Every structure is written in C-alpha cells, then in structure tokens.
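So you can see what is in the structure, the chains are spelled out below.
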Amino acid sequence: MNASTYGVVILTKKSFGNPYTIEELRNFSGKKNLIPIFFDLDAADCLARDIIEKKGELWEKHGGELWMLYGGMELEWMESVDALSRVVDVQLEANDGNWRHCILQTVILLATKLGRRSVVDRVNRWKGRMEKEEFPFPRNDDFVGRKKELSELELILFGDVTGDGEREYFELKTKQRRKGLTVRRSANNHEQANTNESKGKEPILWKETEKDIEMQRLSSPTRHGRPLRVKNGVRHGRKKRSKKILYGKGIACISGEPGIGKTELVLEYAYRFFQRYKMVLWVRGENRYIRQNYLALRTFLEVDLSVDSHLHEKGSDRCFEEQEEEAIAKIRQELMRDIPFLVIIDNLESEKDWWDKRVIMDLLPHFGGETHFIITTRLPRMINLEPMKLSYLSGAEAMTLMKGGVKDYPLVEIDALKNIEEKLGRLPLGLSIVGAILSELPITPTRLLDTLNRTPLIRSFSWNEREVLSLKNHEILVRLLDVCLSIFDHADGPRSLATRMVQVSGWFAPSAVPVHMLALAAHKVPKKHRRGPRWRKLWRTLSCGLATSRMKRSEAEAAAMLMRFGIARCSAKSEHVQFHDLIRLYARQRGGTRTAQAVVQSVYLQGSIKHSSEHLWASCFMVFGFGSDPLLVELRPSELMFFVKQIVVPLAIHTFITYSRCDAGLELLRLCTDALERAAESMLAHAGKWRETSFSCFRQAQSEAQYTYLWQELALLKASVLETRAKLMLRGGQYDIGDDLIRKAIFIRTSICGEHHPDTVSARETLSKLTRLLTNVQLS
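Residues numbered from 1 in each chain as written. Predicted model: local features only at pLDDT ≥ 70, side-chain atom pairs only at ≥ 80, totals over all residues. Heavy atoms only, no water.

On to the overall build of the chain, then. Summing up its helical and strand segments, the chain has 33 helices and 18 strands in all. In the chain, buried positions account for 48% of the 780 residues. Here the contacts in the chain between residues at least 6 apart in sequence split such that 72% fall between residues at least 24 apart. On the chain, roughly 40,700 Å² of surface is accessible, and the fraction owed to carbon and sulfur atoms is 51%. (Helix = DSSP H or I, 4+ residues; strand = E, 2+ residues; numbered from the N terminus. Buried < 20%, exposed > 50% of the residue type's maximum accessible area, 1.4 Å probe, protein only. Contact = heavy atoms within 4.5 Å. Areas by Shrake-Rupley, 256 points an atom, 1.4 Å probe, with all protein chains shown as cover.)

The structure is reproduced here in structure tokens:
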C-alpha cells in the first residue's frame, strides 16, 4: 500500500466490519490517493454515525458496533469511514445494472490520473465499437413470457438466481418442491453434502470432473455417482429423460423447432445480464459460416490471426493445418482467460463443421472459466450436452402477441384469434406476424381467419426432404406469408418492391443484409412475361436517372414495411435487415432459382469484404458449387471475369491471410480456376456459331476480334489465379503443387503476352523461388 500510486478499495455492506478494509481506507485517505468503489451502496449511506446507530433500512441489518471488529480505537474507525465523504470527484457506485460501466469508468479514471492517454483512447474506441456491434438486434420491447427459461439460464450459467428472477423461478418450482436439496460435489474422490430447505429446488447431483460438470436428477437411483441400470439393460422413456441432464461449466444449450423463439430468448437474456460481462460476442452458427464467424471474434478480442504470424523461428512456414489450428487456439486461449465474456452461438445447424467435418465443440475452449456460452440449435441433442427444450408459449402469452396494439376484442373475435393460434400451433414467429397485421391494417381477426382459410398453396414443394418438411409442418405460416405478400402487392401494385425483396432474401447469407443491396437484387429480378418493344427499353434507359431519388425513397419504405409486418427484423447495423430462416426458405421456394442470379449480380456490384463477406461467400457457393452442391447461377464470360476480379480473388486472399482459413481460400481459388476453364471451353464451342450469325464482313471481323480479346482475357485471368494459388502454396510449404501451378501460369502468359512481358517475368521469379525451396526440401 505504501508503494501504490492510487488505492482502489471496493466497499460493500460488510466492508466496515473488516479490519483490513478499514486499514486500507486509513492509509489511502491519509495520502489523498483513495479511489473508492461503492458496491450495492451509495456514497451518502457511508456515514460512521448512521452505521453505528443503525439508521436507515440498510444499516438496521448490517450496522452496529462494527468498529469493535477493527481492533483499534472507535475514533480512528469513524475518521476512516467519514473520510469517504471527502472524496468527492472519484466516487464510483456499482450496482447490478452498471457493473461493466463502473469498471470501464474506473479504468479511464486511473489512466487519466496516471497520464496514460493511450489507454483512455483504447478504451473509448472499444466502447464505441461495442455500442454499435455488440448486439445483432435492438432489444425486443414486445418480448412476452419465458420467465422460467430466463431464470433457468441464470441458474445454469451462474449457479444461482438473484433479484426478481429468484422469486419467479422458485415460485414456478413449488409444484415439484421436495423436503430438501442434496448437492454432492465429487472431485478427486472427495464429496461434500449440503442441504437447503428454503428454496425448494429439485434434488440435483453435481459430478465434477476436470473438463465439465454433469448435473443429474437424483430421482433416478445412483451408485457411486453413476445411474443404476435395470436388470435387462433397458430404461423406460420417462426415466431416460429425467435420468440426467449434462451441462458444461458455464455453458447452456437451448433446443427447439424453427420459429419457437430461441434467438429472442437469448437476446433478452443478453440484454438483461450484459453488465456482468466484458462483452457479448454473437456468433451465427449456420454450418457454412460458423468457422468464419468464430474466427471473426479476433477483432473484438484483439487477436492477430494472420498467416504472417505463423512463421517458425527458423523462418520456414507451417503447413495449412497447423496454421488453422493455431488461429483457433488463439481464440480459445483468449476466451479461457479470467475475463467474463458471453459467447452466443445462435442456430447451430450441425455437430460437425461443414468444411472439414471437425467436431464443433473442438473450436470452443474447455469450459469452467469466466466466459459463458449459450448455444441455440434445432438439434434434439448436442454431443455430450442435453439441451434445455424450449416449449411453446402459454395461451395467454400467445393471445398477447396476436392482439397487437388492440387491447379489447369482442368474444367472437377472441374465438377467431384462438382458432388462428391453434392453426399456427402457437408458433411465436407466426403469432407476431398476425399481431403485426392486426396492428397495421383495419382488419378483424375473423376476416383474417377467413382469408387464411381461403388462401390456396399456389406452389409445389420441389426442394430437398428436410426443407419440404419444414414448410409442410407450417402450412398455415406459408399461407400467412402469402397473405402478407398479397397485401404488399395490393398496396404498391404488381411486382411490389417489398414482395421482390422478400423473394430474393432467401439466397443471401443468413446474416443481416444491407437494404440497398437487397433492393438492387429485387430490381434485377427478371419479369415472367415477355419483353416489350425496344422503345420501352430505351425509355427505361432515359428515365432511369429521373427515378433515382424515388427509388431510394421506395427502398427505405419497402424495408420499413417488411419490418412493420414482422417479415424482416431491424438489425443493429444501420440500414440492414435480417430474415428468419423459415422466411428465407419460403422465399427460395416462392422465388425459385431465377432470383439467385439477381442476388449474385447485386453482391458483386455492391458487396465489400469488410461489410458483407458472408454474402460474398453465399454468391460464391451459388456460382461455383462446393462439394456436392449444384451450380445455381451461370454467369456470362464478361460477368464471370468481373466477379472473379472484384470478389473471388480478394475474398480468397483475405480469408487465407487474415483469418488463416487456408483450405477454404485455396478451395475457392481452385473452383474459380475450373469455372474459368469451363467458360473458355464454352467460348471455343460456340465460336463457329458466332461466325454463322454474322451478316457482314465488318460485323464478322468485329465479332471475331471481340471473341479473341475476351478469350485472351479469360486465359490471362486464369493465369493470374494460378499464380495467386502458387504464392499461397509457398506459405504452407507445398512447393511441389505450387511449382506445377506457376508453370501453367507461365505457359499461358508466354503464349499470349510473350516471354519478356512484366507479368511473365514476375511469374518466372516466383518459379525460381519455388524451385529453390523445393530443392532444399528434397536435399534435406
């Protein structure tokens, strides 16, 4: 204490009976370098006379002759306590709603007093980014129910329930109240037993191992911490369900069918308890994007994952697998520090990663630290985690969602609402859309029910079995969405922009979509009827500039309409909207693959790696096909070249270098090379047809010149991609593969540009480096 520049003392209700705390107060207040933090206290409450005389509700329980515990004189104790009232400029008060804010305020205060301006700037930058990017959605002011689930999440993650949640949780548990609670903790063959009769919790057995904690219901018989098997080795279904629920330390898993409200639940939990964490880290768990989203936490955790940081001390490069493993390990290591983060993995689709079939749990750190994890999934079970099954809302809660802004309905209308509720199966997604329709339109529940009953399913299901099942299980939701799109068309006329924005939404990535990109894709959706005369096309060309301002206004209005009707939800990012997976599936079914082309065009015209990398990947999946995926979009050669230059090559390099996702970046470039080869072969196959369609010598010469130029550009672009792949192979030690790729690139450039062209010379230099490294490896 004597050597400290400043003394930060955390004061609680019991601190004034602690001799060490009083000694700290005396020491630092005498040097005038005291910074007190009042925890669940107000600075005005901390007066020595009030504490001794038990004045006020706070000190009736915690006050009294606490100075006697100090071991010194009463006068010294009173002077130490009253010295707090003289520290005016640095009084910090922390409570359950501002823990994080108080910690940051303390850091800034200390850094300012110590002259650490860089620390202040760093904290302020971090706070600014946190305010913009911490939550994917604004808080849902219309959140209904889920009190028990929220309290159960708090119990699982923190081990106890506090505040209003304690009363709500245990009141709900009274029907299952038992005489006592037996908690057994076993670690290294040591067990302790405690009883708690006051809160009526269901008996639980905690088995602690080095990596996780298993929570078991004591209703099933156990022997040495393990459930007993029945004689014939078969368990009944009910006993199996109640036998044990497995949770990791600080991890909770929530399971439920699409649209039941998993995301809404964890979003509400995050907003309620975010002050207990340094930051809420949101990771979308869709199979193709989870690896990228998980590694994208680097920007918040301030971790460098670039390939350049993976060099050996001797200078040789690590193999690709080691680089990816080290990048993942860096994220894991940062999350295992004693810093409380809340990591939410939303909508986890599979237990294994789509790229390399790696178990998803291997990406996450060992649980038990300060970081908490919440996983939402449709899977009935997650590896060694038994999820908390999310049930439907109660009848009263469902009615609250459907009524919208109207409080009172006649009895006939209430019956109609109950009928709609039954048809929707109390699916919260559908209920909220019903409430939005009733709030936005002068329509009664009876009329809406009649409309739903008369609306036919106008399309056949033509997708894979899982998608067909998801939509067929929610047939009434499909009809409800049809009604919404009919409302949009009725309000804005045929081919409403809002309707087309819904149709193209299914082909974007699951993340938030920029409104301008969504609207551009909607404008590029081809019409079903035949094209009009040429003068109409000319008029559209001439009038496009006149319609620009009106188009911008209509984009914002269409997006606002989608959000008002519950079809899309507002994102925390400015001018972004997001669509639920069921709505995206419905959109793909309704719009068909013809809308996929429009999505790809809008992405390569307005997409950027910094702001929309997931949508860039989504367009690559459709253009190239990955694994067994079909090619959904076929681009013309000129479009393909633009797409490769603007999207594919920068995306692959960024993925490889910045995130150390080597295999993904190289696979993208390999598929890109194949696509360029197919385009060149297609041009050769159609060369004769081009000549046949030319009607004059001038047009024939012009078309042949254009054909030759386009073919050469395709070949040179392929050579550039091959050279990029070869240079990336250098960083992974795969010199033989890189040598083969660069030789192909040199052959193409020599044939078209000549031996002395700068690009050819540059490729030969790369070949020389590869040859030298390959020789060294062979000799060693």
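Further notes follow.
With that out of the way, let us pick up the pattern of salt bridges. In the structure shown here, the tally under the stated rule is 35 salt bridges. In this structure, Arg454 and Asp450 form a salt bridge, with 2.9 Å as the shortest nitrogen-oxygen distance. Linking Arg454 with Asp450, this pair stays in helix α18 (residues 445–454), spanning 4 residues, or about one helical turn. Note on Arg454: relative accessible area 58%, which makes it exposed. (Salt bridge = Lys/Arg side-chain N within 4 Å of Asp/Glu carboxyl O.)

Another point: the confidence of the model for the chain. The pLDDT averaged across the chain works out to 78; a share of 79% of its residues lies at or above 70. Every residue in residues 694–699 scores below 50 in pLDDT, and together they form 3 contacts with partners more than four places removed in sequence or on other chains. (pLDDT = per-residue confidence, 0-100.)

Our focus in this paragraph is a nonpolar patch on the surface. A surface patch of nonpolar side chains, amounting to about 220 Å² of accessible area, comprises Ile103, Val107 and Val119. Here Ile103 shows up in helix α6 (residues 99–114). (Patch = residues over 30% accessible without salt bridge, like charges linked within 9 Å, V, L, I, M, F, W, Y side chains within 5 Å.)

On to the packing of aromatic side chains, then. Using the criterion set out here, one finds 22 aromatic pairs in the structure. Relative to Phe626, the ring of Trp355 lies with its centre 5.9 Å away and its plane at 85°, an arrangement referred to as edge-to-face. Note that Trp355 is positioned in the loop between β13 (341–348) and β14 (372–377) and Phe626 in the loop between α27 (609–624) and α28 (637–659), a separation of 271 residues in sequence. Judged by relative accessible area, which is 23%, Trp355 ranks as partly exposed. (Phe/Tyr/Trp six-rings, centres within 6.5 Å; stacked < 30°, edge-to-face > 60°.)

For the pair helix α21 (residues 497–505) and helix α25 (residues 581–591), interaxial distance at closest approach is 6 Å and the crossing angle is 105°. The orientation of α21 relative to α25 falls into the category roughly perpendicular. Where α21 approaches α25, its residues Val502, Gln503 and Ser505 are matched on the opposing element by Arg584, Ala587, Arg590 and Gly591. Considered class by class, the residues forming the contact of α21 with α25 number 2 nonpolar, 3 polar and 2 charged. (Axes fitted to C-alpha atoms, helices over the stretch in contact; angles between N-to-C directions. Parallel < 35°, antiparallel > 145°, perpendicular 65-115°, else oblique. Nonpolar A, V, L, I, M, F, W, Y, C, P; charged D, E, K, R; others polar.)

A separate point is α18. Along an α-helix, a turn takes 3.6 residues, which lines up residues three or four apart on a common side. Along α18, the residues classified as buried are Pro445, Leu448, Leu449 and Leu452. The buried side chains of α18 occupy one side of the element, clustering within an arc of 100° when seen end-on. Exposed residues lying more than 90 degrees from the buried face of α18 are Arg447 and Arg454. (Arc of directions from axis to C-beta.)

Take α21 next. Most of α21 is tucked away: 9 of the 9 residues are buried. Every buried residue of α21 is accounted for by Leu497, Ala498, Thr499, Arg500, Met501, Val502, Gln503, Val504 and Ser505.

So, on to the sheet that holds strand β11 (residues 251–255). Strand order in the open sheet formed by 5 strands is β12-β13-β14-β11-β15, and the pairing between neighbours is parallel. Edge strands, defined here as strands with exactly one partner in the open sheet, are β12 (279–284) and β15 (388–389). Strands β11, β14 and β15 of the sheet are contacted by helix α8 (residues 147–158), whose axis makes an angle of about 150° with β11. (Pairing = 2+ DSSP bridges.)

Moving on, we come to the packing of helix α26 (residues 594–606) against α27. Relative to each other, α26 and α27 sit at 135°, their axes nearing to 10 Å. As the angle between them shows, α26 and α27 are arranged oblique. For the pair α26 and α27, the sense of crossing is left-handed. Together, Ala596, Val599, Val600 and Val603 of α26 and His615, Leu616, Ser619, Met622 and Val623 of α27 make up the contact between the two elements. Along the lines of polarity and charge, the residues of the contact of α26 with α27 split into 7 nonpolar, 2 polar and no charged. (Left-handed = near helix turned anticlockwise from the far one by under 90°.)

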